[in-house]
Protein chains: 2
Amino acid sequence: MAAAKKQLFLGSFVHSKALDKLEFLHGAAVCVDQSGTIVAIERDCDEANAIEVLFPRLGWVKAEVVVVRAREGQFFFPGFIDTHIHAPQYPNVGIFGNSTLLDWLKTYTFPLEHSLSDPAKARQVYTRVIRKTLSHGTTCAAYFATIDVASTNLLADLCVAAGQRALVGRVCMDVQGSPDCDYYRDATAESALASTHASIAHMRTLDPTMSLVRPILTPRFAPACSLPLMRALGTLARETNLPIQTHLSENKAEIALVKSLFPPATTGATDDSYAAVYDAMGLLTPRTILAHAVHLTAAERALVVARGAKVSHCPCSNSALGSGLARVRWLLDAGVVCGLGTDVSGGYSASVLEAARQAALVSRLVGVTGGGKGGEREKLSVEKEKEREKEEEKEGERQKLSVDEVLFLATRGGAEVVGLEDKVGGFEVGMEWDAQLIGLGTVGEGGEVEGGEDDEGGNVDVFGWESWPERMAKWVYNGDDRNTKKVWVKGRLVHERK
Amino acid sequence: MAAAKKQLFLGSFVHSKALDKLEFLHGAAVCVDQSGTIVAIERDCDEANAIEVLFPRLGWVKAEVVVVRAREGQFFFPGFIDTHIHAPQYPNVGIFGNSTLLDWLKTYTFPLEHSLSDPAKARQVYTRVIRKTLSHGTTCAAYFATIDVASTNLLADLCVAAGQRALVGRVCMDVQGSPDCDYYRDATAESALASTHASIAHMRTLDPTMSLVRPILTPRFAPACSLPLMRALGTLARETNLPIQTHLSENKAEIALVKSLFPPATTGATDDSYAAVYDAMGLLTPRTILAHAVHLTAAERALVVARGAKVSHCPCSNSALGSGLARVRWLLDAGVVCGLGTDVSGGYSASVLEAARQAALVSRLVGVTGGGKGGEREKLSVEKEKEREKEEEKEGERQKLSVDEVLFLATRGGAEVVGLEDKVGGFEVGMEWDAQLIGLGTVGEGGEVEGGEDDEGGNVDVFGWESWPERMAKWVYNGDDRNTKKVWVKGRLVHERK
């Protein structure tokens, strides 16, 4: 699966150094060895310098090295990490009507997931979703599959074949709240566990060192799981150190449902919050990905931090299903590690760049709608009320996520969410080359786009005077898969636009 | 400028019949005469039928008719109407940092607009924005230009040359609140008026029958205009019946500024609201386009309805600048006519389809953030509070704009906003052929996209089982300019994808 060749990348490189700080390396060189690992990063280094200085240091011979150049204005960027995506739901992107979470599951989602036990359909859909996400620069995805073992295993096979890094989870759900959805669930907690084991075994054979694909325990969400199933998965996680993915606090009706289904007396939880249910089952771990977390209480946030669990922020989905505005700044403030998820097909787009754009946009609405503040509002005097308003306005401004920040969430943040922060998400010696080559459009003097086809830069029009940070902003707000020219995972070229 | 040929369009046609109702005409025929006017629409009519039945009725001879076919799965759709776009700001799309309205104007907008008094730059930017919006299916745009007469006139010239229907407004602004922006304003109210007249005269010579381009009076917004200037423009509107475009109630700081600048005693307004200032100046007319209207009071809404003024809803801009969530349902409920605006470059995208998508998305957040309700909340008993919560949830659901509704706003709604509802926005005999041909992608059994290039359908993947309403949803949520294959204005082909 590795690149099997030494590669020298030359040009501009952009990646996150910190949450609020992109680093720009221009005229730089990055050497990637046969295993796909970055072995050298050198500023102010052209090809001649690289050959003269880097190659001897690395023991490389010029003839065995493939050179890849970013053209003027292009740049290498770390591959995107989609921390929450339901692969089988891809055919439904954009289809959700005016539904909210619980009726959306019943109307649109379960029928489609169920239909993917047909191997031909599973192959078609999974092939498409992998190809589509790679074309959008997603080099790593945390996939929910379905309850079907064979097609879940096929998804893992197809990821390996296409060269996409992935966490693949067979979905565990032995409870269906509604009798008319009973066709789609695990028969018992035991059979759910057995199927989970079967899928884990398959992936361990497929990719023994988990170099590309690894299994992830996937209790769908509390209302779809019995306590014995959740408890058993918690135990399995502890015994195997496997990661976990599930949903948390997406929608108010869902939260009310969890409260009614799991009174603390039955779970042994310390309170009746949603997060406490997972905690009581041993499912809140440093390797747990919690999708959404829109309506967390301050106590739940503290619990998530204490357990070191991570959050997948899915703004496209939260707007589409009317779930609400997640307070990402409020989560980050407390030290919650956050990444971005497309949440296909609650989310309408398979693009992490679209998720980044929406993350920036909805963060601008958190403050203005009063979402930035926590807790209850007490009645104040007119003067004090004015002061509070001013304070709240400032606090509202602080909720905004910048271009640098959403790109951090899409790369470094996501890497930490999926537990791969030492391997991917940035350009560092010792990390692996999961990257995309980004090209923008250049508007000529006559108003045409230079370089032949008018479509070369998609909707990103650079007029020439823009600073690099401004180019990044243009990319985030108007970019699409047309700007992602090439994509590599572990040094291997896995997508190229014609 | 007309098509100068008779045309027969065959295939599927989709357009709005009512706010919440798209109509689908399959296997239909539409005849468009040399002037670009629709002269026949026939259901269940193939080419042979058209020749046999329609042509004799119209007195058409087969040899003079050009036939345009939508391929299987493609459909004709009315051209989009962008009811609010600042042409000179196009190079800044996506660039706004973490700013809000008033500092954004100062930092990003005025310097760029000012720089477009350079004719070469104006030609480059205006050529690009017309080409770009046409490629996104915008057949009609209400453009703000700059204060510069020559380049405003150039914008009108370029619209005529490119065949885009447009309302073009020279911006009137004789006040700059900030001394460091004083480089960019009209010297006096008189000079502003003289420049406006010069621009109107140019357009009347350019297109005497206003078949494509017409002038529009454009007081930037109240804080940038003196009372004499606003009053003179109100008088001019009354004398000439010319349309008006301006901004209203976009941002809370802006509203406070208007209150402080224009106390009712100075304007003769009935109260100190933003809308009342315009009304006192004679600027609220049935031909007035009010951009934003995010924070209107109930009284202002009633005033807008009473005057018959129209609203341009600009969701991309309102999210990007953190202005707030406009309550479109609340406006529609009262009978306010609404269309969509991209508001480039407060809005980050030149695409009306993107504005439609964001209109749907933010409408889903109006309810959940409490924006659906009007007025103050009184304290209630626990039981009454629960009832109210239920009521509010229902009311929140009702705020959602459906796919059909946002497409109505993008076409019929927009047509009414710009005063062209008898000419464009739908497919009716007697209306003009402003249309786009839309194509979606078809996923093959192996997961590839059929028909050669993988990029043919952009990001809209149709698997084959989708109903037509579901295809429309997929287009709204994932479509882009790649799906807009051809664009006509007044029967003339003005854009075609290679």
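Residues numbered from 1 in each chain as written. Chains lettered and ligands numbered in written order. Predicted model: local features only at pLDDT ≥ 70, side-chain atom pairs only at ≥ 80, totals over all residues. Heavy atoms only, no water.

The name an unreviewed UniProt entry gives chain A is Probable guanine deaminase, with Chaetomidium leptoderma as the organism. Per its UniProt entry, chain A bears the Catalytic activity (unreviewed entry) comment "guanine + H2O + H(+) = xanthine + NH4(+)". A UniProt comment under Cofactor (unreviewed entry) is attached to chain A, and it reads "Zn(2+)". (UniProt positions renumbered as here; feature names shortened; annotations may be inferred.)

Chemist: Talk me through the sheet that holds strand E8 (residues 165-169) of chain B; I want residue IDs and the actual numbers.
Modeler: Residues and elements named next belong to chain B. The strand order E6-E7-E8-E10 describes an open sheet built from four strands, whose pairing is parallel. With one partner strand each, in any of the chains shown, strand E6 (80-86) and strand E10 (213-215) form the two edges of the open sheet. Between one strand axis and the next, the sheet turns by 15 degrees as a mean value, whatever way the strands run. One ladder, built from three bridges, connects E8 with E10; its direction is parallel. For Val 168, the partnering residue across the bridge sits in E10 and is Pro 215. (Pairing = 2+ DSSP bridges. Helix = DSSP H or I, 4+ residues; strand = E, 2+ residues; numbered from the N terminus. Axes fitted to C-alpha atoms, helices over the stretch in contact; angles between N-to-C directions.)

Chemist: Account for the interface of chain B and chain A, naming residues and giving values.
Modeler: At the junction of the two partners, chain B supplies 66 residues and chain A supplies 66 residues. Surface buried jointly by chain B and chain A totals about 5,200 Å² across both partners, of which 50% is contributed by carbon and sulfur atoms. Counting the contacts that link chain B with chain A gives six salt bridges. Note that B:Arg128 and A:Asp461 form a salt bridge whose closest N and O atoms lie 2.6 Å from each other. Counting every contact that joins chain B to chain A gives 31 residue pairs in polar contact (both at pLDDT 80 or more). (Contact = heavy atoms within 4.5 Å. Buried area = accessible area lost by both parts, 1.4 Å probe. Salt bridge = Lys/Arg side-chain N within 4 Å of Asp/Glu carboxyl O. Polar contact = N/O pair within 3.5 Å; in protein donor to acceptor, adjacent residues only side chain to side chain.)

Chemist: Which residues make up the pattern of salt bridges, and what values do they have?
Modeler: What the rule picks out here adds up to 60 salt bridges over all chains. A salt bridge links A:Arg482 to A:Asp480; the shortest N-O distance between them is 2.8 Å. As far as the burial class goes, A:Arg482 and A:Asp480 line up, both buried. One salt bridge in this structure joins B:Glu395 and B:Arg398, with 3.1 Å as the shortest N-O distance. Taken together, the residues span about one helical turn, with B:Glu395 and B:Arg398 both in helix H14 (residues 382-398) at a distance of three residues. The class of B:Glu395 is partly exposed, set by a relative accessible area of 28%. Here the residues in one salt-bridge network are A:Asp480, A:Asp481, A:Arg482, A:Arg497, B:Asp480, B:Asp481, B:Arg482 and B:Arg497, joined through shared partners. (Buried < 20%, exposed > 50% of the residue type's maximum accessible area, 1.4 Å probe, protein only.)

Chemist: Tell me about the sheet that holds strand E14 (residues 310-313) of chain A, and name the residues and values.
Modeler: Residues and elements named next belong to chain A. Strand order in the open sheet formed by four strands is E12-E13-E14-E15, and the pairing between neighbours is parallel. The sheet is open, and its two edges are formed by strand E12 (244-248) and strand E15 (338-340), each paired on a single side. Neighbouring strand axes in the sheet, compared pairwise and without regard to direction, differ in orientation by 30 degrees on average. As paired elements, E12 and strand E13 (residues 288-292) share five bridges and run parallel to each other. In the sheet register, Thr 246 faces E13, and the bridge partner there is Leu 290.

Chemist: Residues and numbers for the packing of aromatic side chains, please.
Modeler: Residues and elements named next belong to chain B. According to the stated counting rule, one finds 46 aromatic pairs over all chains in the structure shown. Ring centres 5.5 Å apart and planes at 80 degrees place the aromatic pair Phe 9 and Phe 76 in the edge-to-face group. With a gap of 67 residues between them, Phe 9 in strand E1 (residues 6-18) and Phe 76 in strand E5 (residues 75-78) connect regions that are remote in the sequence. Pair check on accessibility: Phe 9 and Phe 76 agree, each one buried. Ring plane angle 25 degrees and centroid distance 5.1 Å describe the contact between Phe 427 and Trp 433, whose orientation is recorded as stacked. In terms of burial, Phe 427 and Trp 433 fall into one category: buried. (Phe/Tyr/Trp six-rings, centres within 6.5 Å; stacked < 30°, edge-to-face > 60°.)

Chemist: Describe the domain arrangement of chain A, with residues and values.
Modeler: All names here are of chain A. What the domain assignment reports for chain A is domain 1 (6-78 + 432-496) and domain 2 (80-417). Between domain 1 and domain 2, the C-alpha centre-to-centre distance is 31 Å. Contact residues are listed per partner, giving 30 residues for domain 1 and 29 residues for domain 2. With both chains or domains summed, domain 1 and domain 2 bury close to 2,500 Å², and 62% of this area falls on carbon and sulfur atoms. Looking only at domain 1, the three residues that lose the most surface to domain 2 are Leu 19, Val 476 and Tyr 477, adding up to 28% of its buried area. At the junction of domain 1 with domain 2, the criterion picks out two salt bridges. Its salt-bridge partner being Glu 432, residue Arg 165 comes within 2.7 Å of it at the nearest N-O pair. Summed over the shared surface of domain 1 and domain 2, the result is nine residue pairs in polar contact (both at pLDDT 80 or more). (Domains from an automatic or database assignment.)

Chemist: Please give an account of the packing of helix H13 (residues 352-368) of chain A against helix H13 (residues 352-368) of chain B that cites residues and values.
Modeler: At a minimum axis separation of 12 Å, H13(A) and H13(B) run at an interaxial angle of 45 degrees. Between H13(A) and H13(B), the interaxial angle falls into the category oblique. Note on packing geometry: the crossing formed by H13(A) with H13(B) is right-handed. Where H13(A) approaches H13(B), its residues A:Gln358, A:Leu361, A:Val362 and A:Leu365 are matched on the opposing element by B:Gln358, B:Leu361, B:Val362 and B:Leu365. The residue makeup of the contact of H13(A) with H13(B), split by class, is six nonpolar, two polar and no charged. (Parallel < 35°, antiparallel > 145°, perpendicular 65-115°, else oblique. Left-handed = near helix turned anticlockwise from the far one by under 90°. Nonpolar A, V, L, I, M, F, W, Y, C, P; charged D, E, K, R; others polar.)

Chemist: Tell me about the packing of helix H15 (residues 403-417) of chain A against helix H16 (residues 468-478) of chain A, and name the residues and values.
Modeler: When two helices pack together, their arrangement is captured by the angle between the axes and the distance separating the axes. Residue and element names in this part refer to chain A. Where H15 contacts H16, the axes come no closer than 10 Å and their chain directions differ by 60 degrees. Of the two elements, H15 crosses H16, and the hand of that crossing is left-handed. Counting all contacts with H15, which are made through Val 403, Val 406 and Leu 407, the residues of H16 involved are Met 472, Ala 473, Trp 475, Val 476 and Tyr 477. A breakdown of the residues in the contact of H15 with H16 according to their chemical character gives eight nonpolar, no polar and no charged.

Chemist: Go over unusual backbone geometry with me, naming the residues and quoting the values.
Modeler: Residue A:Ser345 is bonded to the preceding A:Val344 through a cis peptide linkage, with omega at 0 degrees. In the Ramachandran plot, A:Lys490 falls in the positive-phi region, its phi being about 55 degrees despite a non-glycine side chain. By the secondary structure assignment, A:Lys490 is in the loop between strand E19 (484-489) and strand E20 (492-496). Overall, A:Lys490 belongs to the buried group, its relative accessible area being 12%. If you check the backbone angles, B:Met210 has positive phi at about 55 degrees while not being a glycine.

Chemist: Outline the environment of B:Gly491, listing residues and values.
Modeler: Residues and elements named next belong to chain B. Note that Gly 491 resides in the loop between strand E19 (484-489) and strand E20 (492-496). Exposure remark for Gly 491: the relative accessible area of 2% places this residue in the buried category. Taking C-alpha positions, Gly 491 is 12 Å from Val 39, a pair spaced 452 residues apart along the chain.

Chemist: Run through the environment of A:Met431, naming residues and quoting values.
Modeler: Residues and elements named next belong to chain A. Along the chain, Met 431 turns up in the loop between H15 and strand E16 (435-438). Separated by ten residues in sequence, Met 431 and Glu 421 place their C-alpha atoms 8.9 Å apart. Residues in contact with Met 431, not counting those within four places in the same chain, are Gly 36, Thr 37, Ile 38, Arg 412, Glu 421, Asp 422, Lys 423, Val 424, Gly 425 and Gly 426.

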